[in-house]
There are 2 protein chains.
Amino acid sequence: MPLANAIKEALSTQSMVRKMFEEGNLLKKQYGQDKVYDFTLGNPDIEPPPAFHRVFAKMAKEDKIGSHGYMTNGGFPEVRQALAEKTSREQNVRIDGSRVIMSCGAAGGLNVVFKSILNPGDEVIVPCPYFMEYRPYALNHGGSIVEAATKPDFSLDVDAIKEKLSVKTAAVLINSPNNPTGRIYPAADIAKLAALLEEHGKKCGRMPYLISDEPYREIVYDHAVVPPILSAYKESILVYSYSKSLSLPGERIGFIAVGPQVTDADTLIAAFAFATRILGFVNAPALMQRIVAELTFAKVDVDIYKRRRAAFTEILDGCGIKYAKPEGAFYLFCQVPQRKHVSGGELADGGADDTAFVDHLKQQLVLGVPGAGFGKPGWLRLAYCVDEKIIKASGPAFRKAMETW
Amino acid sequence: MPLANAIKEALSTQSMVRKMFEEGNLLKKQYGQDKVYDFTLGNPDIEPPPAFHRVFAKMAKEDKIGSHGYMTNGGFPEVRQALAEKTSREQNVRIDGSRVIMSCGAAGGLNVVFKSILNPGDEVIVPCPYFMEYRPYALNHGGSIVEAATKPDFSLDVDAIKEKLSVKTAAVLINSPNNPTGRIYPAADIAKLAALLEEHGKKCGRMPYLISDEPYREIVYDHAVVPPILSAYKESILVYSYSKSLSLPGERIGFIAVGPQVTDADTLIAAFAFATRILGFVNAPALMQRIVAELTFAKVDVDIYKRRRAAFTEILDGCGIKYAKPEGAFYLFCQVPQRKHVSGGELADGGADDTAFVDHLKQQLVLGVPGAGFGKPGWLRLAYCVDEKIIKASGPAFRKAMETW
């Protein structure tokens, strides 16, 4: 079949995930939608906040002339300006709209950034575990992802990053709050990383970018604050999405912003605009641009996620499954428990096979994603962007699974 | 500056176009917005049809739960089904929603198709002149564009395409109605092309795809009909956009469809969905998907463009500028007239330097795009997606320019 070889390969390796989805759907058909505890999908299920609906209705009523029409590839100037003000405040810098490019969510933004900065053979270092889509995003544009370990609590291990730095390093990409661990990297660690990159750049003559993927910036608990990047390191690139903060994952709206002191900012921004054009985004969707510009500090009710986290951790605590307590985002990254029982005629090996445990949970109609899908075998991810009732109802299933593991 | 080399190069070559835009903006500031006759931009200026506003208002009022949320990468199933019905009728085939993938306009759709089918070194043959963005779209995914001449009236020259076919040919890409010529390729020419590809495929063991980029399908004059592709050739891929038919260029909504007999259709569609995901589109914007599904046969008032075409051709006829009479789209592709006057101290060379003529027109505040920008030096493109008043007012400027050329 006349397909690109790279795509053919990718389709066959991703078939495991697809199989999981299909099996999940089959289970739901067989047992009923609410009898299957599906914690696989990292997509917000709660509705956009009331402010979104208000602005949406207003836009539809006005339906201004030219509002669905052409604009420059970077976005409407007034939208870029509004988001520059948001970014200035959150990132502790002063930038204007010329430093912001609207994007089709963070996924679009990261592809635009990689297209703009990667030369063939270039590397992007990512602390592990991480959102595995980063891998194809880098590959799309001739680069590759290099994994760097994190500390046992999943915080940044700056020494591990140091070991991976080379003249091929185009960027270090961090994601805080992190998918899948929920970890927020504190300002002190960001400062340490910035110092490392600075030192490395001076020594080797190539200053890596620090790219910060922040779709979960607003989804934080217990008054946690996500520290700024743009003010911490000169060559920083912020990638933001409204998919989580406004629960708009289907609308594909986000932006890229750079700090005031980034080298040759005008050319970098021109490259982002050009990449936006030739990758076929052309521009971020016009209507959603104008909507988010009026909602720069709006966000969904994070307490909903907080209550779910509490309900879920109670269940996990109750049956002895260990996890990293999330400071942000909406995932519980859990350690696969030691196996106690003989399984399938084999002796218990005390191992931590995440795929086996995920299969085992599935027998109780609990669905999760193996940690291998985030570069961290021996763990699994449970997403709690799922109704609290379903989380609570899953308790007996977890207990039953643990009794037979 | 740490940019991808390919992007650095592209930025410097595109700086001519950017310079033109900037000069245009300067002229408008200097002489007033309505004193500059700007025919450069191929973006529809007329508003979406009333039906769009009606559906938009309805969607905002309902604002259904989950309507901005997650869906599969290919789009909402009911939207895909609605567009499969539209496509079936227009393309004279019977396909269901499984054969349609929603895309971020035609630019997004073409990138998804190229990502899915191109291997390094693969070629895409395009009749010339053509929309030059095809070039970076193919380059993005390791391929390249190979130009094939058209006949003097810009209709398909199937023999010229034949000469360019090789085992490296992944696809032939046509665009009808054509930007910049306005030519619609008749069914007989499509059949001849299909037969050629069939024969070539059988001989060399690689059947090229026929990709049809049809954003101007609805923008046709004098009851012209754009013939179907999917029923004409087995390995066809249709790429469609609502940017022109509904005047929504800022909203980035379109789709890809394949015929009922395309080889290994399920895998091809899976590849399109996967490419949509990893290129960072993830999915076409949710709200616009649902809107266009209710507007499958709506379109802007094409008579507006027809009146503009009449006004513009009257001016060009009056001053002796020859052009291809557009059957569709909204461009006049004009031959650079023979130079009659000594210019800048040099003797008239009878040449057809499109850049010189565009510069000459600019002195009369008329802005167009050199044919070289479409692979056809000696010509220029004038876009008439501009108010009729501006077109009519430009008459004296054209005449004055011709008097001194």
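Definitions and cut-offs
Residues numbered from 1 in each chain as written. Chains lettered and ligands numbered in written order. Predicted model: local features only at pLDDT ≥ 70, side-chain atom pairs only at ≥ 80, totals over all residues. Heavy atoms only, no water. Helix = DSSP H or I, 4+ residues; strand = E, 2+ residues; numbered from the N terminus. Rg over C-alpha atoms; globule rule 2.2 N^0.38 Å. Buried < 20%, exposed > 50% of the residue type's maximum accessible area, 1.4 Å probe, protein only. Contact = heavy atoms within 4.5 Å. Areas by Shrake-Rupley, 256 points an atom, 1.4 Å probe, with all protein chains shown as cover. Lys, Arg positive; Asp, Glu negative; His and termini not counted. Charge placed at Lys NZ, Arg CZ, Asp CG, Glu CD. Phe/Tyr/Trp six-rings, centres within 6.5 Å; stacked < 30°, edge-to-face > 60°. Pairing = 2+ DSSP bridges. Axes fitted to C-alpha atoms, helices over the stretch in contact; angles between N-to-C directions. Least-squares fit on C-alpha atoms with pLDDT ≥ 70 in both. Buried area = accessible area lost by both parts, 1.4 Å probe. Salt bridge = Lys/Arg side-chain N within 4 Å of Asp/Glu carboxyl O. Polar contact = N/O pair within 3.5 Å; in protein donor to acceptor, adjacent residues only side chain to side chain. Arc of directions from axis to C-beta. Parallel < 35°, antiparallel > 145°, perpendicular 65-115°, else oblique.

**A word on the overall build of chain A**
Piece 1. Within chain A, the secondary structure is distributed over 14 helices and 13 strands.
Piece 2. The C-alpha atoms of chain A give 22 Å as radius of gyration, which agrees with the globular expectation for 405 residues (22 Å, within 12%).
Piece 3. The principal-axis extents of the C-alpha atoms in chain A amount to approximately 65 × 55 × 55 Å.
Piece 4. Sorting the 405 residues of chain A into buried and exposed places 62% on the buried side.
Piece 5. Across chain A, the fraction of contacts at a sequence separation of at least 24, relative to all contacts at a separation of at least 6, is 73%.
Piece 6. For chain A, the accessible surface area stands at approximately 15500 Å², while carbon and sulfur atoms represent 53% of it.
Piece 7. Both charge centroids of chain A, one from 48 positive and one from 46 negative side chains, sit 1 Å from each other.

**Concerning the packing of aromatic side chains**
Residues and elements named next belong to chain A.
Piece 1. Evaluation of the coordinates by the stated rule reveals 38 aromatic pairs over all chains.
Piece 2. For the pair tyrosine 130 and tyrosine 134, a centre-to-centre distance of 6.4 Å together with 15° between the ring planes defines the contact as stacked. This pair shows no difference in class: tyrosine 130 is buried, exactly as tyrosine 134 is.
Piece 3. Judged by centre distance (5.3 Å) and plane angle (35°), the rings of tyrosine 240 and phenylalanine 255 are tilted. A residue pair is termed long-range when its members are at least 10 positions apart, and tyrosine 240 in strand 7 (residues 236-241) and phenylalanine 255 in strand 8 (residues 254-258) qualify at 15 residues.
Piece 4. Here tyrosine 240 falls in the buried class, since its relative accessible area comes to 1%.
Piece 5. According to the relative accessible area criterion, phenylalanine 255 is buried, its value standing at 1%.

**A look at the sheet that holds strand 7 of chain A**
Residues and elements named next belong to chain A.
Piece 1. Across the sheet, which stays open at both edges, the seven strands sit in the order 2-8-7-6-5-3-4 with mixed pairing between neighbours. Two strands lie at the open edges of the sheet, namely strand 2 (100-103) and strand 4 (144-149), each paired on one side alone. On average, each strand axis in the sheet is inclined to that of its neighbour by 25°, with strand direction left out of account.
Piece 2. Where strand 3 (residues 123-128) meets strand 5 (residues 169-175), three bridges bridge the pair, whose relative direction is parallel. Following the sheet pairing, glutamate 123 is matched in strand 5 by threonine 169.

**Focus: the environment of tyrosine 305 of chain B**
All names here are of chain B.
Piece 1. Position of tyrosine 305 among the secondary structure elements: in helix 12 (residues 302-318).
Piece 2. Taking relative accessible area as the criterion, tyrosine 305 reaches 0% and is therefore assigned buried.
Piece 3. C-alpha of tyrosine 305 to C-alpha of cysteine 385: the two residues are 80 residues apart in sequence and 7.1 Å apart in space.

**A closer look at the relation of the copies chain B and chain A**
Piece 1. Superposing chain B onto chain A takes a rotation of 180° plus a shift of 0.0 Å along the axis, which leaves an RMSD of 0.0 Å. Such a turn and shift between the copies fits a two-fold axis. If distances are taken from each C-alpha of chain B to the rotation axis, the shortest is found for alanine 60 of chain B, at 3.2 Å.
Piece 2. Of the interface residues in chain B, 100% have counterparts in chain A that sit at the interface too, so the contact is made through matching surfaces.

**Structural notes on the interface of chain B and chain A**
Piece 1. Facing the 68 residues of chain B at the interface are 68 residues of chain A.
Piece 2. Taken together, both faces of the contact between chain B and chain A bury some 5500 Å²; the carbon and sulfur share is 60%.
Piece 3. Here arginine 277 of chain B makes a salt bridge to glutamate 133 of chain A, at a shortest N to O gap of 2.6 Å.
Piece 4. At the junction of chain B and chain A, the tally comes to 34 residue pairs in polar contact (both at pLDDT 80 or more).
Piece 5. Elements represented by at least two residues in the side of chain B that touches chain A include exactly helix 1 (5-13), helix 3 (50-62), helix 5 (105-117), helix 6 (134-140), helix 10 (265-278) and helix 11 (286-293) of chain B.

**Some words on helix 1 (residues 5-13) of chain A**
One turn of an α-helix holds 3.6 residues; hence residues three or four places apart share an orientation.
All names here are of chain A.
Piece 1. Residues of helix 1 that are buried: Ile7, Ala10 and Leu11. The buried residues of helix 1 occupy an angular sector of 100° when the element is viewed end-on, so they sit on one face. Among the exposed residues of helix 1, those oriented more than 90 degrees off its buried face are Glu9 and Thr13.

**Structural notes on the pattern of salt bridges**
Residues and elements named next belong to chain B.
Piece 1. Evaluation of the coordinates by the stated rule reveals 45 salt bridges over all chains.
Piece 2. Across the pair lysine 64 and glutamate 62 runs a salt bridge whose closest N-O atoms are separated by 3.9 Å.
Piece 3. Between lysine 306 and aspartate 222 there is a salt bridge, with the nearest N and O atoms lying 3.2 Å from each other. Residue lysine 306 is located in helix 12, and its partner aspartate 222 is located in the loop between strand 6 (209-213) and strand 7 (236-241); the two are separated by 84 residues in the primary sequence.
Piece 4. With relative accessibility at 32%, the residue lysine 306 sits in the partly exposed group.

**Focus on the side chain of aspartate 213 of chain B**
Residue and element names in this part refer to chain B.
Piece 1. Relative to the helices and strands, aspartate 213 is located in strand 6.
Piece 2. As a buried residue without a salt bridge, aspartate 213 has its nearest oppositely charged side chain in lysine 244, at a separation of 7.8 Å.
Piece 3. Here tyrosine 134 takes part through its side chain, which lies 2.5 Å from a polar atom of the side chain of aspartate 213.
Piece 4. In this view, aspartate 213 contacts Ala106, Leu110, Tyr134, Leu173, Ile174, Asn175, Ser176 and Val239; residues no more than four positions away in its chain are not counted.

**Quick notes on the packing of helix 1 of chain A against helix 10 of chain B**
Piece 1. Interaxial distance between helix 1 of chain A and helix 10 of chain B falls to 10 Å at its minimum, and their mutual angle equals 90°. By the angle between their axes, helix 1 of chain A is roughly perpendicular relative to helix 10 of chain B. Contact residues: helix 1 of chain A offers Ile7, Ala10 and Leu11 of chain A, while helix 10 of chain B offers Thr267, Ala270, Ala271, Phe274 and Ile278 of chain B.

**Let's talk about the pairing of strand 7 of chain A**
All names here are of chain A.
Piece 1. The element strand 7 is extensively covered by neighbouring structure, given that six of its six residues are classed as buried.
Piece 2. Here strand 7 shows no split at all, with Ser236, Leu238 and Tyr240 on one side and Ile237, Val239 and Ser241 on the other all buried.
Piece 3. In the sheet, strand 6 (residues 209-213) pairs with strand 7 via four bridges, with the strands oriented parallel. Its bridge partner being in strand 7, serine 212 is matched across the sheet by leucine 238.

On their own, these measurements won't tell you what the molecule is for.
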